[in-house]
Amino acid sequence: MNIAFLFYCPIVPHIGGVQRVTDVLTKEFVKRGHNVIFICTESRNMDDAYQNYSATQIYLDSNKNEEKFIADYCKILHTNDIDVVISQEAQKESLLLLANTPICVKRISVVHINPYAIIGNERRIKRTIRSRRLVTNLAKYLVMLFPHIARQYYRLKENKFYRRILGVSDKLVLLSPSFVELLKENIPDISSRKLAAIGNPNTFVPKHEVGTKENLIICVARLSESPKNVRDFILVWQQLYKDNPKWKAIIVGDGLDRGMLESFAKKKGVRNLSFVGRVENVGNYYQRAKFVCMTSIYEGWGMVLTEGMSYGCVPCVYGSYGAAFDIVDDGVNGIISTPFRPKEMADRIQTLINDESRLVQMSSSAIEKVKDFNADKVADKWDALFGSLEE
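Below, the structure is looked at part by part. (Residues numbered from 1 in each chain as written. Predicted model: local features only at pLDDT ≥ 70, side-chain atom pairs only at ≥ 80, totals over all residues. Heavy atoms only, no water.)

## So, the pattern of salt bridges
The condition that has to hold: A carboxyl oxygen of Asp or Glu within 4 Å of a side-chain nitrogen of Lys or Arg is what we treat as a salt bridge. Every helix listed is a DSSP run of H or I at least four residues long, and every strand listed is a run of E at least two residues long, numbered separately from the N terminus. Buried means the residue's accessible area, taken with a 1.4 Å probe over protein chains only, is under 20% of the maximum for its type, while exposed means over 50%, and partly exposed covers the values in between.
Tallying each qualifying case throughout the model produces 20 salt bridges. With a closest N to O distance of 3.0 Å, arginine 288 and glutamate 214 form a salt bridge. Of this pair, arginine 288 sits in helix 11 (residues 283–288) while glutamate 214 sits in the loop between strand 7 (195–197) and strand 8 (216–220), and the two are 74 residues apart along the sequence. In this structure arginine 288 comes out as partly exposed when scored by relative accessible area, which is 30%. For aspartate 372, the salt bridge goes to lysine 377, with nearest N and O atoms at 4.0 Å. Given a relative accessible area of 37%, aspartate 372 falls into the partly exposed group.

Here it is, written out as structure tokens:
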């Protein structure tokens, strides 16, 4: 089968999660005899020096007039005899191209976010916004004052978004069965035949056996409070550090909220907590850590969890989104705690710190569980999906 991945930027694995997932799937597809190309909807950045693409990277130019943009796309599909286009995002350029894809080519759209994630979290999300713009602040305070009205607005907006995607797709892939059910609840007339759930493959495979671990807890995240909510990780550590002077915590990642988070940690007086910024090889931190924590308001998948589990980190995550329950079996290979209750997460971590044998057992179970997300197993689901397109 000839497959084209459609994305707004080049598939450079170290740049982002979707790119890493696409790269891993492509390598597995090629092993199985499929042919793959990448189509980028933006013109080529001449500063792009990346050379190790796992498939041919082709560039369109969305700045051209619409007719030429669509014609160039269709020519690429024809030249490469493409059978299936997989869109890895739902920006207007990709939706336009899907709407104008030749009828002989099947179209799959993948949404890498949690549907309706903002609903129920309106105040929590808006509270993280800091802006000098009057309009932005006005919208923020209106949501804070009238969350029920905001909820109705966001639901209508989400419904419109998903109906638009379904209108130009033969299949819509979400990352969790729970997301499929959520979509069906909100859009009752949706056709189940057009929906599928396939989680992301694990993108990190340790090069060496997991060795001796340090007394270390890590949080790996983009430092943007919506949706990452790293403040709550700091509050988790605030509960732990006094009783565990030989332990350390590290926040790996960078972002616009780093300065605010560093100030927050200082204000809380927490010790043995380090911010290391963006790192070249996050695997080094997974290799060292006994726990990896995620306190997000919502996620699409949570690749940090599977990455950490492959290195034997015990995952600790808020049950704030459905896919967390696909990845972690609470109390077996990790911890799923009540959302936005950092003390509860801290207490459960402390229980494991106090029970080394249980911690080691849970670490081993995490390594076994993450094998469910090996690239070959996830690709099996994709092959089954490809087969269903021909029915």
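## Here's the deal with the sheet that holds strand 8
The strands that make up a sheet pair up through hydrogen bonds in the backbone, lying either parallel or antiparallel. Keep this limit in mind: Only strands that DSSP links by at least two bridges are regarded as paired with each other. Note on method: axes are straight lines fitted to C-alpha atoms, helices fitted across the in-contact stretch only, with angles between N-to-C directions ranging 0 to 180 degrees. We call two residues in contact whenever any of their non-hydrogen atoms come within 4.5 Å of each other.
Strand order in this open sheet of 6 strands is 10-9-8-11-12-13, and the pairing throughout is parallel. Of all the strands in the sheet, the pair left with one neighbour each is strand 10 (273–277) and strand 13 (335–337). When the angles between neighbouring strand axes are averaged without regard to direction, this sheet yields 20°. Bridging between strand 11 (residues 291–294) and strand 12 (residues 314–318) involves 4 bridges; their strand directions are parallel. Residue pairing across strands places valine 292 opposite proline 315, the latter belonging to strand 12. Against the sheet, helix 14 (residues 342–353) touches strand 8, strand 11, strand 12 and strand 13, its axis set at about 155° to strand 13.

## Describing the pairing of strand 10
Quick note on the threshold: Handedness of a crossover: with both strands directed away from the viewer, a clockwise path from the first strand across the helix to the second marks it as right-handed.
Only one face of strand 10 is buried: it carries Leu273, Phe275 and Gly277, and the other face, with Ser274 and Val276, is open. Bridge analysis of strand 9 (residues 248–252) against strand 10 gives 4 bridges, and the strand direction is parallel. Residue pairing in the sheet places isoleucine 251 in a bridge with phenylalanine 275 of strand 10. As for the winding sense of the linkage, the β-α-β connection from strand 9 through helix 10 (residues 258–268) to strand 10 is right-handed.

## Some remarks on the side chain of aspartate 232
Threshold: Neither His nor the chain ends contribute to the count of charged residues, in which Lys and Arg are positive and Asp and Glu negative. By the criterion applied in these results, polar contacts are pairs of N or O atoms within 3.5 Å in which, for protein atoms, one can donate a hydrogen and the other can accept it, and in which residues neighboring in sequence qualify only through two side-chain atoms.
You can see aspartate 232 is positioned in helix 9 (residues 230–240). One buried charged side chain, aspartate 232, makes no salt bridge at all; its nearest oppositely charged neighbour is arginine 231, positioned 5.9 Å away. In terms of polar contacts, aspartate 232 uses its side chain to reach the side chain of tyrosine 318, at 2.7 Å.

## Quick look at helix 9
Across the 11 residues that make up helix 9, a large majority, 8, are buried. Of all the positions in helix 9, only Val230, Asp232, Phe233, Ile234, Leu235, Val236, Trp237 and Leu240 are classed as buried.

## Some words on the layout of surface pockets
We apply this condition: Residues are called lining when one of their atoms sits within 4 Å of a cavity or pocket point, these points coming from a 1 Å grid over the protein atoms alone, where a cavity is a set in which a 1.4 Å probe fits but cannot get out and a pocket is an open set with protein on both sides within 12 Å along at least five of seven lines. Grid points are joined across faces, edges and corners, and a volume is the space filled by probe spheres set on the points. Asp, Glu, Lys and Arg are counted as charged, while Ala, Val, Leu, Ile, Met, Phe, Trp, Tyr, Cys and Pro are counted as nonpolar; the rest, among them Gly, fall into the polar class.
Its volume calculated, the second largest pocket comes out at about 290 Å³. Ile113, Ala117, Ile118, Glu158 and Tyr298 are the residues nearest the centre of the second largest pocket, which is lined by 11 residues in total. Sorting elements by how many residues they give to the lining of the second largest pocket places helix 6 (residues 147–167) first, with 3 residues. Grouping the amino acids of the lining of the second largest pocket by side-chain chemistry returns 7 nonpolar, 2 polar and 2 charged.

Bear in mind that shape data such as this cannot, by itself, settle questions of function.
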